[in-house]
Amino acid sequence: MKIQLKNIAPHPLIGAFSSLTQIWEKDVVLNTGEKVHVLAPSGTGKSTLLGILYGLRKDFNGDLLFNQKSPSDWSEIRTQSISIVFQELELLNGLTALENIQLKNQLTAHLTDAEIHDLMVKLGVEDLKNKCVEFLSRGERQRIAIIRAMCMPFEWLLLDEPFSALDEQNTKAAIEVINAMLERNKAGLILANLKNDDFFEYQQKLVLA
Amino acid sequence: MERISVSKLLLQGRGKSKFFLTGLGFLLSMLIISVVFQLYFDLSSLLKTSESDDGFTYIQISKEVGVGTTLGLSSANFSSKEIEEIKSQEFIEDVGELLSNDFRVYGRFAGNAFDMFFTSVEDEFIDADLKNFHWEPGQVEIPVIISNQFLTILNHAVLPSQGQPPIPKVAIKQATVDLALTKDGKRLIQKARVVGFSDRISSVLVPKNFLDFANQKLSGKTATRVSMLILKVKDPSSNAFQTFLDRNDYEVTGELPLLDNAKGILKIVLGVLLVFGILILVLSIALNSAQFKLSVLQNKEKIRMLVLLGYSPKTIVASLVKVALMNLSVILLVAFLGLWFIFQFVHGVIENLKIGETELSFVTFLMPILLSLVTLYGVNRTLKKLMNLSF
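Residues numbered from 1 in each chain as written. Chains lettered and ligands numbered in written order. Predicted model: local features only at pLDDT ≥ 70, side-chain atom pairs only at ≥ 80, totals over all residues.

A word on the overall build of chain B
What chain B contains, in helices and strands, is 12 helices and 11 strands. Looking at chain B as a whole, 28% of its 391 residues qualify as buried. Sequence-distant contacts, at least 24 apart, represent 81% of the contacts inside chain B between residues at least 6 apart. (Helix = DSSP H or I, 4+ residues; strand = E, 2+ residues; numbered from the N terminus. Buried ≥ 20, exposed ≤ 12 C-beta atoms within 10 Å, placed from the backbone. Contact = placed C-beta atoms within 7 Å.)

Topic: the overall build of chain A
Looking only at helices and strands, one finds six helices and eight strands in chain A. Listed by position from the N terminus, the elements making up chain A come as β-β-β-α-β-α-β-α-α-α-β-α-β-β. Put simply, chain A has 209 residues, and 41% of those count as buried. A fraction of 80% describes how many contacts in chain A between residues 6 or more apart in sequence connect residues 24 or more apart.

What about the sheet that holds strand 2 (residues 27-30) of chain A?
Residues and elements named next belong to chain A. Spatial ordering of the open sheet is given by 2-1-4, a layout of three strands whose pairing is antiparallel. Sheet topology places strand 2 and strand 4 (60-66) at the edges, where each strand pairs with a single neighbour. With direction set aside, neighbouring strand axes in the sheet form an average angle of 25 degrees. Relative to strand 4, strand 1 (residues 3-10) runs antiparallel, the two sharing six bridges. Residue pairing for strand 4: Gln4 is matched across the bridge by Leu65. (Pairing = 2+ DSSP bridges. Axes fitted to C-alpha atoms, helices over the stretch in contact; angles between N-to-C directions.)

Describing the nonpolar core
Val38(A), Ile146(A), Ile147(A), Leu157(A), Leu158(A) and Ile190(A) are the most contacted members of the largest nonpolar core, which has 57 residues in total. No other element matches helix 5 (residues 138-149) of chain A, which puts five residues into this core. In contact with Ile146(A), other than residues within four places in its own chain, are Val85(A), Leu123(A), Pro162(A), Ala174(A), Val177(A) and Ile178(A). Among the nonpolar cores identified, the runner-up in size contains 38 residues, and Tyr58(B), Phe125(B), Leu179(B) and Met228(B) belong to it. (Core = buried A, V, L, I, M, F, W, Y, C linked by C-beta atoms within 7 Å.)

Section: the packing of helix 5 of chain A against helix 6 (residues 168-185) of chain A
Residue and element names in this part refer to chain A. At a minimum axis separation of 11 Å, helix 5 and helix 6 run at an interaxial angle of 5 degrees. Taken together, the axes of helix 5 and helix 6 lie roughly parallel to each other. From helix 5, Gly139, Arg143 and Ile146 reach across to helix 6, where they touch Asn170, Ala174, Val177 and Ile178. (Parallel < 35°, antiparallel > 145°, perpendicular 65-115°, else oblique.)

Let's talk about the sheet that holds strand 6 (residues 156-160) of chain A
Strand pairing in a sheet is mediated by backbone hydrogen bonds. Such pairs are either parallel or antiparallel. Residue and element names in this part refer to chain A. Spatial strand order, 5-6-7-3-8: five strands in an open sheet with parallel pairing. Two strands in the sheet have a free side with no partner beyond their single neighbour: strand 5 (82-85) and strand 8 (204-207). Taking the axes of each pair of neighbouring strands and ignoring which way they run, one obtains an average angle of 15 degrees across the sheet. Of the pairings in the sheet, the one linking strand 5 to strand 6 comprises four bridges and is parallel in character. Bridge pairing in strand 6 links Ile84 to Leu158. Lying on the sheet, helix 1 (residues 46-53) is in contact with strand 3 (35-39), strand 5, strand 6 and strand 7 (188-193); it crosses strand 6 at an angle near 155 degrees.

What about unusual backbone geometry?
In terms of backbone geometry, most residues other than glycine have negative phi values and most peptide bonds are trans. Residue and element names in this part refer to chain A. Of note in this structure, Asn7 is not a glycine but carries a positive phi near 60 degrees. Along the chain, the position of Asn7 falls in strand 1. Overall, the presence of 13 C-beta atoms within 10 Å leaves Asn7 in the partly exposed class.

Some thoughts on the interface of chain B and chain A
Contacts between chain B and chain A engage 10 residues on the former and 12 residues on the latter. Grouping the amino acids of the side of chain B that touches chain A by side-chain chemistry returns six nonpolar, two polar and two charged. (Nonpolar A, V, L, I, M, F, W, Y, C, P; charged D, E, K, R; others polar.)

Quick notes on the confidence of the model for chain B
Residues and elements named next belong to chain B. A residue-level look at chain B finds 91% of positions with pLDDT of 70 or above and a mean pLDDT of 82. Here helix 3 (residues 67-70) is the element of chain B with the lowest mean pLDDT, 72, and strand 6 (residues 141-147) is the one with the highest, 92. Here the predicted complex scores 0.61 on pTM and 0.90 on ipTM. (pLDDT = per-residue confidence, 0-100.)

A short note on the environment of Thr171(A)
All names here are of chain A. Along the chain, the position of Thr171 falls in helix 6. The exposure class assigned to Thr171 is partly exposed, which follows from the 18 C-beta atoms found within 10 Å. In contact with Thr171, not counting residues within four places along its chain, are Phe163 and Leu166.

As for the pairing of strand 6 of chain A
Residues and elements named next belong to chain A. In terms of burial, strand 6 is largely enclosed, as five of its five residues are buried. Of the two faces of strand 6, the one lined by Trp156, Leu158 and Asp160 and the one lined by Leu157 and Leu159 are each fully buried. A crossover connection joins strand 6 to the parallel strand 7 through helix 6; in handedness this β-α-β unit is right-handed. (Right-handed = clockwise from strand over helix to strand, strands pointing away.)

A few points about the packing of helix 3 (residues 97-108) of chain A against helix 5 of chain A
If you want to describe how two helices pack, look at the angle between their axes and the distance between the axes. Residue and element names in this part refer to chain A. As a packed pair, helix 3 and helix 5 sit with axes 9 Å apart at the nearest point and diverge in direction by 25 degrees. With respect to helix 5, the element helix 3 is oriented roughly parallel. Between helix 3 and helix 5 the crossing geometry is right-handed. Contacts from Ala97, Asn100, Ile101 and Lys104 in helix 3 reach Ile144, Ile147 and Arg148 in helix 5. Its residues assigned to classes, the contact of helix 3 with helix 5 shows four nonpolar, one polar and two charged. (Left-handed = near helix turned anticlockwise from the far one by under 90°.)

Notes on helix 3 of chain A
For helix 3 of chain A, built from 12 residues, the straight-helix expectation of 16 Å at 1.5 Å per residue is met to within 8% by its first-to-last C-alpha distance of 18 Å. In terms of residue burial, helix 3 of chain A counts as a mostly covered element, since 10 of its 12 residues are buried. The set of residues buried in helix 3 of chain A consists of Ala97(A), Leu98(A), Glu99(A), Asn100(A), Ile101(A), Gln102(A), Leu103(A), Lys104(A), Asn105(A) and Leu107(A). Contacts made by the buried residues of helix 3 of chain A are with helix 2 (74-80), helix 4 (113-122) and helix 5 of chain A together with helix 10 (300-309) of chain B. (Expected span 1.5 Å × (residues − 1).)

A few points about the environment of Ala192(B)
Residues and elements named next belong to chain B. Locating Ala192 in the fold gives a position in strand 8 (residues 186-198). Judged by C-beta crowding, with 23 C-beta atoms within 10 Å, Ala192 ranks as buried. In the structure, Ala192 is positioned 50 residues away from Ile142 in sequence and 4.6 Å away in space, judged by C-alpha atoms. With sequence-adjacent residues up to four places away left out, Ala192 is seen in contact with Ile142, Val144, Thr176, Val177 and Leu179.

Let's talk about the environment of Thr176(B)
Assignment of secondary structure puts Thr176(B) in strand 7 (residues 176-183). Thr176(B) has contacts with Glu141(B), Lys191(B), Ala192(B) and Arg193(B), leaving out every residue within four places of it along the chain.

Given below as structure tokens:
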């Protein structure tokens, strides 16, 4: 799925972004299967951009096109085309780690129980599956959110500072899991971060300013 | 892996007592409304006797006879002005004038002589078979319709007191009475045969053209006195009608208005019950919708997260409506059982009192289903509106 951002400017940022920006009020094309890095210092609209791409924000000028068309059915897009790991993770308190993953997977039936178990083992959270997420550390919750994002046949994966609370070993494991899923789905990735990184082999690097 | 129920997730923390009270309120309102309908049908069938097939009630009235009437200060007859006034009342559909004979009638039957009287009224006011109720000039035998009340008095009071057996209707129709109609030395000899019986009119009816002929022949005039009227009314239990009768000192023959009065009072009681039932229903629907609304608001964060994961607001509403549907099904089942038992009880009472037959109306069972559908629609609409506003 090709993503086009045509002259997009979020209302709260109009007049506030600098001429160095490569996204706001520009024509940007993100091709199928590309890995895109968005360098976004604090306050430049990193989460706003991902919110626009995930249909959470409608307060912007310009056009967002998926395969030349304006997106309409966001529920379908969120179960078929675009998956996301939020900066705030957005896990449901009161549910266990496994239930949080299951809540997404029962909607898409994308992964088998064995595959979910396998991913939890790979990310070292298998022992935590029956614990309520509010009792987990941020790093553990981040890994649960990553596994949950894998539970659909996405064409694009949006990552908002996905490894901010992970150590090197867990980051490496998470990257492996994500790469494998990108490969399996022939999908693209947009990773937004506060600084430059080499987590993936990016085809495009864009700056938000 | 076991599925996580979205509705369970969203109704977490919803008090069981609140749900029970809402359900109870809904059940009660359903029962009240259905029972009111059933009672209405029962009463209609039990009290139907006061109404004719055409949906109107026919009431015979006369003027109250007081001392003034006896002294000749006022007349017991209706003047044409009074008849016009009665006709002009909006609650009176039509008026039939019961015309009387202006001559003396002597009857003789089986050796007994007695005085008689005749009245006539337009055919449309007579509730008897009119097949043989015709008279042609020159015809000696006059067809007569008598009141069923007369027959009852004859068979159950007069004849037993004389040690004679009662006479069936068939036998009465076979007998002829010799008549002598006289006035001022003029005389007409006729015969009379009973051809029908009336519940509505307490009199002896003869064809109008015969009475006109006899009055003309014997007293020289056809415009005879009108001492009784038959009123065709839609609602005899209406206040306006009763007040009109009382104000003019008009007396009602028979007890029909009493029945209608009772029916009127019962209708009011049922009306009050119905309003009460509807009030409880509206309150429980509002309470039910409010509880679902509250659940949505309390779980707004959860719903937001479900929407983020790709759950459509439509699916979320559907899962909540499904819960409402299941709850309503249980309430409906209990309501049906309750209605069945209530009907059995009422039916038993009516049977014991031997006041008539009652049938379980399908409307009684249709009402709870209808009310449930309305509630379900209300819940669905409230939630959809809320979802559209929130997400």
